[in-house]
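Close look at the chain arrangement
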Amino acid sequence: KEKTLAIIKPDGFSGNYTGEIKRLILLSGFSILKEKIVHLDKENVALFYAEHSERTFFPSLVKYMTSGPVVVIVLEKVNAIADWRALIGPTDAQKAKITHPDSVRALCGLNSERNCVHGSDSPQSAAKEISFFFGEMFSS
Ligand code: ATP
């Protein structure tokens, strides 16, 4: 089996979508191995999204991701990484509503920034992201 990291972003959490998202997760055959609520600070987001630090949308992304608590979840199933990415749908939630109406981002996302959930995109990033949130370094 494979593990991946899911995040219910601030808009998902504040919009009370956590229960519905977890229902979809379990319905789709994932096990929830670990789960916690954290409020990220600017430094956490800069580390987590380091690959995007030079993008024009980065300051706005930091503001969004620090705007409220998030739920970080370790999911497990066969093919968890690709299957969770498929379940959440495309980055742009507006597009998701048209092309992937049953996806999580269609359900609770707003646009290409406020897209409600995250999913690791490779085995390398899954391992890195899981230890980022559940390793010894991260305390909050
Ligand atoms: P995530 O990494 O959160 O699962 P993703 O892999 O679908 O999302 P990335 O391209 O890695 O998308 O972008 C990371 C996050 O940065 C997006 O989820 C979104 O919140 C934000 N983002 C991406 N593209 C844009 C954009 N063009 N404008 C504003 N915000 C964006």
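Predicted, not measured: the structure shown is a model, and the values here were computed from it.

Side note on the pairing of strand β3 (residues 70–77)
Counting buried positions over the eight residues of β3 gives six, a clear majority of the element. By the bridge criterion, seven bridges tie strand β1 (residues 2–8) to β3 in an arrangement that is antiparallel. If you follow I8 over to β3, its bridge partner there is V71. Strand direction decides the pairing type here: strand β2 (residues 31–38) and β3, joined by seven bridges, are antiparallel. Bridge pairing in β3 places I37 opposite V71.

What about the sheet that holds β1?
Taken in spatial order, the four strands make up an open sheet running β2-β3-β1-β4, and their pairing is antiparallel. The outermost strands of the open sheet, each flanked by one partner alone, are β2 and β4 (117–119). In this sheet, adjacent strand axes meet at a mean angle of 20 degrees when their direction is disregarded. In terms of strand pairing, β1 meets β4 through three bridges, oriented antiparallel. What sits directly across from I7, in β4, is H118. Helix α8 (residues 123–134) rests against β1, β2 and β3 of the sheet, and its axis sits at about 60 degrees to β1.

Comments concerning the environment of A46
Tracing the backbone through its elements, the reader meets A46 in helix α3 (residues 42–48). Residue A46 is classed as partly exposed on the basis of its C-beta count, with 16 C-beta atoms lying within 10 Å. Put simply, A46 and L61 are 15 residues apart on the chain and 9.5 Å apart in space, counted from C-alpha to C-alpha. Leaving out residues up to four positions away in the same chain, A46 has contacts with S53 and V62.

Regarding unusual backbone geometry
One non-glycine residue with positive phi stands out, namely N16, at about 60 degrees. Within the secondary structure layout, N16 lies in the loop between α1 (10–14) and α2 (18–27).

Remarks on the UniProt feature "binding site: ATP" (unreviewed entry) in the chain
UniProt tags K9, F57, R85, T91, R105 and N115 as "binding site: ATP" (unreviewed entry). In this fold, F57 is placed in the loop between α3 and α4 (58–65). The class for F57 is exposed, based on 11 C-beta atoms found within 10 Å. With respect to the helices, strands and loops of the structure, T91 is situated in the loop between α5 (80–88) and α6 (93–99). T91 gets classed as partly exposed once you count the C-beta atoms within 10 Å, which come to 13.

Focus: the UniProt feature "active site" (unreviewed entry) in the chain
Feature annotation in UniProt assigns "active site" (unreviewed entry) to the following positions: H118. Relative to the elements of secondary structure, H118 occurs in strand β4.

Some points on the nonpolar core
Core analysis: the biggest nonpolar cluster contains 34 residues, and I7, I8, L75, V104 and V117 have the highest contact counts within it. Put simply, the parts of the chain that give this core at least two residues each are β1, α2, α4, β3, α5, α6, α7 (104–108) and α8. The dominant element in this core, judged by the number of residues it contributes, is β3, at six residues. Not counting chain neighbours up to four residues away, the residues in contact with V104 comprise I21, L24, L87, I88, G89, C116 and V117.

Reading the values: the criteria
- Residues numbered from 1 in each chain as written.
- Predicted model: local features only at pLDDT ≥ 70, side-chain atom pairs only at ≥ 80, totals over all residues.
- Buried ≥ 20, exposed ≤ 12 C-beta atoms within 10 Å, placed from the backbone.
- Helix = DSSP H or I, 4+ residues; strand = E, 2+ residues; numbered from the N terminus.
- Pairing = 2+ DSSP bridges.
- Axes fitted to C-alpha atoms, helices over the stretch in contact; angles between N-to-C directions.
- Contact = placed C-beta atoms within 7 Å.
- UniProt positions renumbered as here; feature names shortened; annotations may be inferred.
- Core = buried A, V, L, I, M, F, W, Y, C linked by C-beta atoms within 7 Å.

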